[in-house]
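Here are the chains, one letter per residue:
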Amino acid sequence: MSTLLIYDYDFNFKLAERQVISIRYKENFCDWGTFEAVLSANSPVLKILLEEKFLLVRYDYMQAVIVGYELQDNLIIYGRTPGWLFSKRAVSPFEKSASASEICRAIVSELYPATISLGETVSGNSIDVKYEEITRLDKCIEEILKNAGLGWRLRFDARAKQWIFDIYDKSDRGICLGEGYKNAYDTRICSDILDYAVAAVYNSENGVIRTKTGDMTCFEEICESQDKL
């Protein structure tokens, strides 16, 4: 069973909560996402929330910045994925020429010179980017990378006490869904092989034609002619 782990912004461990009722998590490809955890009303996490404003949470692969909470019949923790912190930083007007990844990594390094490490990246062609107005960092990065077909994430390594900025393409999402992760409920997956076929059989002037032969998995479909393939 996964455990909800709470840290402060300096990655000092605060609390572990194993009694988790539910988790909802959404990570976006080129933007920050959302997190919601439902705990019992008497969870010891409430005491930490009352005492400290700036907290991080991790549950299995899911990470978030806690942005609020609500106490009713249960304790509900609301979070945003770590990239939300970029919405709280502004980028001055600039003009740069490099690949989309290099430009975004340079911007992050300039704004967080000793705080954020540069992680995964994707190479690309050089582009020209110019911003004439003050812009939110998250929107600036989103616009530059989206035009290049790339995504980004800010994550943390609590053990190494490190923030990490990654740039990645669509083939590297790394997201798992399922009831075991408490981020999918009443899940129903359906699949069948009733209409599955890998080969065709049809009559021609030269007799019966089979497009493929094989073992028991070589399912055939009878066609009227080659034109019906």
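To start, this report covers the structure provided alongside it.

We now examine the side chain of Thr135. Looking at the secondary structure, you find Thr135 in strand S12 (residues 135-136). At 3.0 Å, the side chain of Thr135 and the backbone oxygen of Glu133 are in polar contact. Here Thr135 is in contact with Arg89, Ala90, Val91 and Cys140, once residues within four sequence places are set aside.

To continue, consider the nonpolar core. Residues Phe86, Phe94, Ile141, Ile144, Leu145 and Phe165 are the most contacted members of the largest nonpolar core, which totals 37 residues. For this core, the secondary structure elements donating two or more residues are strand S1 (4-8), strand S9 (94-99), helix H2 (100-111), strand S11 (126-131), helix H3 (137-147), strand S13 (151-157) and strand S14 (162-168). Contact partners of Ile144, with chain neighbours within four places excluded, come to Phe94, Ala100, Ile103, Cys104, Ile107, Ile127, Val129 and Tyr131. Ile23, Val45, Ala64 and Ile77 belong to the second largest nonpolar core, which has 21 residues in total.

So, on to the sheet that holds strand S4 (residues 34-40). With antiparallel pairing, the seven strands of this open sheet are ordered in space as S2-S1-S5-S6-S7-S4-S3. Each edge of the sheet is formed by a strand with only one pairing partner; in this case those strands are strand S2 (13-17) and strand S3 (20-26). On average, each strand axis in the sheet is inclined to that of its neighbour by 30 degrees, with strand direction left out of account. Sheet topology note: the S3/S4 ladder contains six bridges and is antiparallel. Directly across from Ile23, in S4, lies its bridge partner Ala37.

Mapped onto the elements of the fold, Asn28 is located in the loop between S3 and S4. Residue Asn28 is classed as partly exposed on the basis of its relative accessible area, which comes to 24%. Through-space distance from the C-alpha of Asn28 to that of Arg153 is 8.7 Å; in sequence the pair is 125 residues apart. There is a polar contact of 2.9 Å between the side chain of Asn28 and the backbone oxygen of Trp32.

Scanning the model with the defined rule gives 15 aromatic pairs in all. With a centroid separation of 5.5 Å and 90 degrees between ring planes, the pair formed by Phe29 and Tyr168 is classed as edge-to-face. Placement of the pair is Phe29 in the loop between S3 and S4 and Tyr168 in strand S14, with a sequence separation of 139 residues. Each member of the pair, Phe29 together with Tyr168, is buried. On the basis of an interplanar angle of 20 degrees and a centroid distance of 5.2 Å, the ring pair of Phe94 and Tyr131 is categorised as stacked. With Phe94 in strand S9 and Tyr131 in strand S11, the pair connects residues that are 37 residues apart, well separated along the chain. The same class applies to Phe94 as to Tyr131, namely buried.

Another point: the sheet that holds strand S10 (residues 116-118). Each strand in a sheet pairs with another by means of backbone hydrogen bonds, the pair being arranged parallel or else antiparallel. Read from one edge of the open sheet, three strands run S10-S14-S13, paired in mixed fashion. Two strands close off the open sheet at either side, each with one partner strand: S10 and S13. Mean inter-strand twist for the sheet, computed between neighbouring axes without regard to direction, equals 30 degrees. Bridging between S10 and S14 involves three bridges; their strand directions are parallel. Within S14, the residue paired with Ile116 across the bridge is Trp163. Against the sheet, H2 touches S10 and S14, its axis set at about 160 degrees to S14. Set on the sheet, H3 makes contact with S13 and S14; between it and S13 the angle comes to about 130 degrees.

A few words on H2. Each α-helix winds once per 3.6 residues, and so residues spaced three or four apart point in a common direction. Taking 1.5 Å of rise per residue, twelve residues should cover 16 Å, and H2 covers 17 Å from first to last C-alpha, within 8% of that figure. For H2, every residue scored as buried is listed here: Ala100, Ser101, Ile103, Cys104, Arg105, Ile107 and Val108. Along its buried surface, H2 packs onto strand S8 (90-91), S9, S10, S11, H3 and S14.

Reading the values: the criteria
Residues numbered from 1 in each chain as written. Predicted model: local features only at pLDDT ≥ 70, side-chain atom pairs only at ≥ 80, totals over all residues. Heavy atoms only, no water. Helix = DSSP H or I, 4+ residues; strand = E, 2+ residues; numbered from the N terminus. Polar contact = N/O pair within 3.5 Å; in protein donor to acceptor, adjacent residues only side chain to side chain. Contact = heavy atoms within 4.5 Å. Core = buried A, V, L, I, M, F, W, Y, C linked by side-chain atoms within 4.5 Å. Buried < 20%, exposed > 50% of the residue type's maximum accessible area, 1.4 Å probe, protein only. Pairing = 2+ DSSP bridges. Axes fitted to C-alpha atoms, helices over the stretch in contact; angles between N-to-C directions. Phe/Tyr/Trp six-rings, centres within 6.5 Å; stacked < 30°, edge-to-face > 60°. Expected span 1.5 Å × (residues − 1).

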